[in-house]
Each structure stands twice: as structure tokens, then as C-alpha cells.
Amino acid sequence: MKKELIFDGTAYTVETIEIDGKILTYRAFEDIPYCKNPANERMQRLSIFVPEAFYEGKMINGRHLKNAPIFMPNTIGGYMPGLQERPGRSREGHVNAAFHALLHGYVVVSPGTRGRGMINERGEFIGTAPAALCDLKAAVRYLKANVCRIPGNVNRIISNGTSAGGAMSALLGTTGDHPDYAPYLDEMGAAEASDAVFAASCYCPITNLDHADAAYEWEFHGLNDYHNKKMVPAEREGDTPEWIPVDGVMTKEQQNFSDLLRDSFPGYVNGLQLKDGAGKALTLNEQGEGSFLEYIKSYVAASARKELEKGSDLSELDWLEAEDGREPVIDFRKYVQFRTRMKEAPAFDSTALGTPENELFGTKQIRYRHFTGFSFQHSTAEGQLADALQVKMMNPMNYMEDEKAVKAEHFRIRHGTADRDTSLAISAMLAAKLTEVQIDTELFYPWGMPHAGDYDLEELFAWIDHVCI
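Rules used throughout
- Residues numbered from 1 in each chain as written.
- Predicted model: local features only at pLDDT ≥ 70, side-chain atom pairs only at ≥ 80, totals over all residues.
- Heavy atoms only, no water.
- Helix = DSSP H or I, 4+ residues; strand = E, 2+ residues; numbered from the N terminus.
- Rg over C-alpha atoms; globule rule 2.2 N^0.38 Å.
- Buried < 20%, exposed > 50% of the residue type's maximum accessible area, 1.4 Å probe, protein only.
- Contact = heavy atoms within 4.5 Å.
- Areas by Shrake-Rupley, 256 points an atom, 1.4 Å probe, with all protein chains shown as cover.
- Pairing = 2+ DSSP bridges.
- Axes fitted to C-alpha atoms, helices over the stretch in contact; angles between N-to-C directions.

1. Digging into the overall build of the protein chain
Scanning the protein chain from N- to C-terminus turns up 14 helices and 15 strands. By the compact-globule yardstick of 23 Å for 469 residues, the protein chain fits well, its C-alpha radius of gyration being 22 Å. With respect to the three principal axes, the spread of C-alpha positions in the protein chain is 65 × 60 × 50 Å. Taken across its 469 residues, the protein chain has 54% of its residues classed as buried. Put simply, 71% of the contacts in the protein chain that link residues at least 6 apart link residues at least 24 apart. Within the structure as shown, the protein chain displays about 20500 Å² of accessible surface, and the carbon and sulfur contribution to it stands at 47%.

What follows is the structure in C-alpha cells.
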């Protein structure tokens, strides 16, 4: 390795912060380059945070400087650039996971990543797929290349992310060391080491993008009115942006798209040859019903049961039947109507281009591209179709049974029952396939939770402690 990719254990500051009566003192190694040839020197860096108690010879929850798991949360949202984040409060004002993870006795690594919309001095787009994923891989390689110098256990790296960041965590956990990414990592000058992680935490992953439109219409078909929101930037720097509602009704053409996409989904699901934990085939008939639908309903029911056990009154929900301690029964159509539609059809690969995902699949010179044959064929913007390999590299389903991909040993997936950003089928397919290839996978749909993450850190850390035994 060149000198700049060797961890310098003497370059640090010691910081102390107090939040909600909790005092944290940590050692910060910040703004470390993790590749030799960055496309953006400011973003392609990482920071390492370590409980100062470890350097005083103390232990936290049985962890010390050498055996502490390395918790690696990313801040990627909407496939935009992900900034490094110090322990404390997030940009939204919430106490972040890094603060709690350090208190719990983990080493925290916060990598910066490129994302859609980033432009270099030559006017080229440098954050298109698979840039952010390769940045995360390069960060993991940096840690493992410095195995004898880095604090924490590099064989116990746990990635964590929400939404697009959850998708990146899923990809990081399914594509370790795969040769598809090697040319990009070589061009970056990533360290020569493994980029496989030990475990992946995925909150509401916006993934399987090339089939997300079909999944969305399978779930929300028949609901033609949509209820979304958009952000209005603050007029003055430092002010909070405002979110305003965006409501409407899909056009007749969009309703026709919904019909066609809905009808295509059963074929995709059946082609995956999914099975549940007991080995039962998960399929759909032409009407979109079958064991795969029952599989999803079982997770919604499990969430309802847990909420009922807390003593919550759910009697006003006309889509939930829960009497006499029996297993809750879900009327799935009424449940979907209760949640309401958020996005117009197609939800991700817009026929007019312009979605975050269209931008993700651009090139250095082209900002937006289609990534499904359906939207390409119906394009109203004369859009180009993304390369097949680029699309492949952003879908973890493509690597599950690929022996060249090193998979994480453990997955934890959370997708809220009130989430409308992508179909519940996306996380269900991911979990089912992971389980089928014998990867320890925990899927749960938290009750009433919208599109969000890091809301159950105590449970997340208990899971990390368990798998790291």
C-alpha cells in the first residue's frame, strides 16, 4: 500500500459530548482517504470513532479495543451523496446511531460516498451506479488492509443503512469480492483486500429496482389517487426545508401502465423459485394471489400480534381481524387502501425520466437513463436504456446464488407496515432468497412505522451482540 492508505494511529482528537444526560468520550480519527485515486477527494474519505475507555484499558459490555465489532452506518438517502457523520445529532436533529453505538461499546466507521448528481470539474457525473457501493467496498478494504493497525475487529464489520442506504447495505452483504466490481475498485485505487462484511442491517431497502415498478403495482394496483410530498428548499441558509403535500390522480395512461406492470409481477416472482423457511414454494397465480401473498400477510400479522401484546387497541382497523387471542387475519386489499398510494406508475423508472433512480443509472455524460425494458419501450423522453451490467450490479437478488460473491453471514431487515415508498414484496423477496441460500436472516415489519430507520437501536445492538458472540 502507498503511504496514504496506511492507518495513522497517532492522528486523532479526543472529544466529549453530552446528549440527554449521557456523556460520551471518544477518540476521533477523521477524514482518512480510503482509495488512492478518488474522483472526489472530499467525499471519498472515512472517519473512525472509538470509545476512549478502550484506550484506558477498560471494557464496555465485554468489548475492548481489539474485539469490538465495527459498526459501519452509511448516510445515503435517495441515492444522493452520503456524508461522513460524527457522533451526535444527525442533520435532521435526531441523536444518531453512531453516538449510541459508541456508548454500547462498538467502534464506528463513517464513510463518505459519492451519489447521484455529483459533477466533477469536467462536467461529468461521478456518482452514478455503482459508485456509492464501490466507495463502501473501498472503505471496507481499507479497514481490512490495516487489520493490524485498525481499532476493532475487522472480521466483525456490520453495515447499516436506510432506504437507498439500506439497499447499499444489502448489496454490500451480498456482493463481497465479486469480480463485477473489480474494474471500478482498481480504477479508484482501492486497497488490495476483501470487501466482504460480516453482517448487514437494512432498513426499508429501496432495492431490486429493475422489478420495483412491477412489485409496486402488484401491491397498489386499483388505487389511482396518490398522496406524496415534496421538499421546498429553505429560503435562508440554516433554516429547515419545508415539506408540502402533492396529491393527484393517475392519468388513464398511468392506470394502463399499472395494469401491465401488475400483470408482469407473478411471472417474476415464480421465476425466482422462492421458498419459505419450511421449504414451501412461494408463488403467485395470474390474479396476483397465492402463497407469496400469504407469506407477506404473515409478517403483517406477526407485527399486529406484537402490537396487540403491548395492549394496543386495534379494533378500529377494518382490515385487521384479531379476536379471542387468535392469530390476526389481514384483509390485504383493505390494508393497502388504508396505507394509500404514494407514487404514480411507473414508480421508479419514470417514462418521462427524472426520478432519483433514473439519475442513478446515468453515465458520465448522460444524467438520466431508463433501467427497465418496460419504461424504455414506453419512454416519452427518448431516454436511453442503462447497460445490463450496471443494472445487475445494483440488485442483490442477482448475486445470491453466485459462488463468486462472498455473502454476509447475517442479515437484519426492517420494513415498516406503514411504508409506501416501495412494496413490501421487495423486502420479502430479499429475505426469502437469503434464507433459501442458508444465510441467517431476520425480517420484521414494525407496526405503524413509515419509511424510516434506526428507530430500534436497542434491538439492533442486541442482534449485533448476539451474532458477534
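2. Here we look at the sheet that holds strand β4 (residues 69-73)
Think of a sheet as strands paired side by side through backbone hydrogen bonds, with each pair either parallel or antiparallel. Taken together, nine strands build an open sheet; the order of strands is β1-β2-β3-β5-β4-β6-β7-β14-β15 and the sheet is mixed. The open sheet is flanked by β1 (13-19) and β15 (440-444), the only strands paired with a single partner. When the angles between neighbouring strand axes are averaged without regard to direction, this sheet yields 20°. Sheet topology note: the strand β7 (residues 199-203)/strand β14 (residues 410-414) ladder contains five bridges and is parallel.

3. Quick notes on the pairing of β1
By the bridge criterion, seven bridges tie β1 to strand β2 (residues 22-33) in an arrangement that is antiparallel. Across the sheet, Thr13 pairs through a bridge with Ala28, a residue of β2. Turn length for the β1-β2 hairpin, with the two strands adjacent in sequence and antiparallel, is two residues, and the turn residue Asp20 shows positive phi of about 55°.

4. Things to note about the environment of Met250
Along the chain, Met250 falls in the loop between β9 (242-249) and α7 (252-272). When its relative accessible area of 2% is taken as the criterion, Met250 is described as buried. Between the alpha carbons of Met250 and Ser90 there is a distance of 36 Å; along the sequence they are 160 residues apart. When near neighbours in sequence (up to four residues on either side) are disregarded, Met250 contacts Leu223, Asn224, Tyr226, Gln255, Ser258, Arg341, Glu344 and Ala345.

5. Side note on helix α4 (residues 164-174)
Summarising burial for α4: 11 of the 11 residues are buried, a large majority. The secondary structure elements touched by the buried residues of α4 are β4, α3 (131-145), β6 (153-162), β7, β14 and α13 (424-436).

6. Side note on unusual backbone geometry
Residue Ala129 is joined to Pro130 through a cis peptide bond whose omega torsion reads 5°. Tracing the chain through its elements places Pro130 in the loop between β5 (107-111) and α3. Ala345 connects to Pro346 through a cis peptide bond whose omega is -10°. By the secondary structure assignment, Pro346 is in the loop between α9 (332-339) and α10 (356-360). Within the chain, Cys204 stands out as a residue other than glycine whose phi angle is a positive 35°. Despite not being glycine, Gln438 has its phi angle at roughly 65°, a positive value. Within the fold, Gln438 resides in the loop between α13 and β15.

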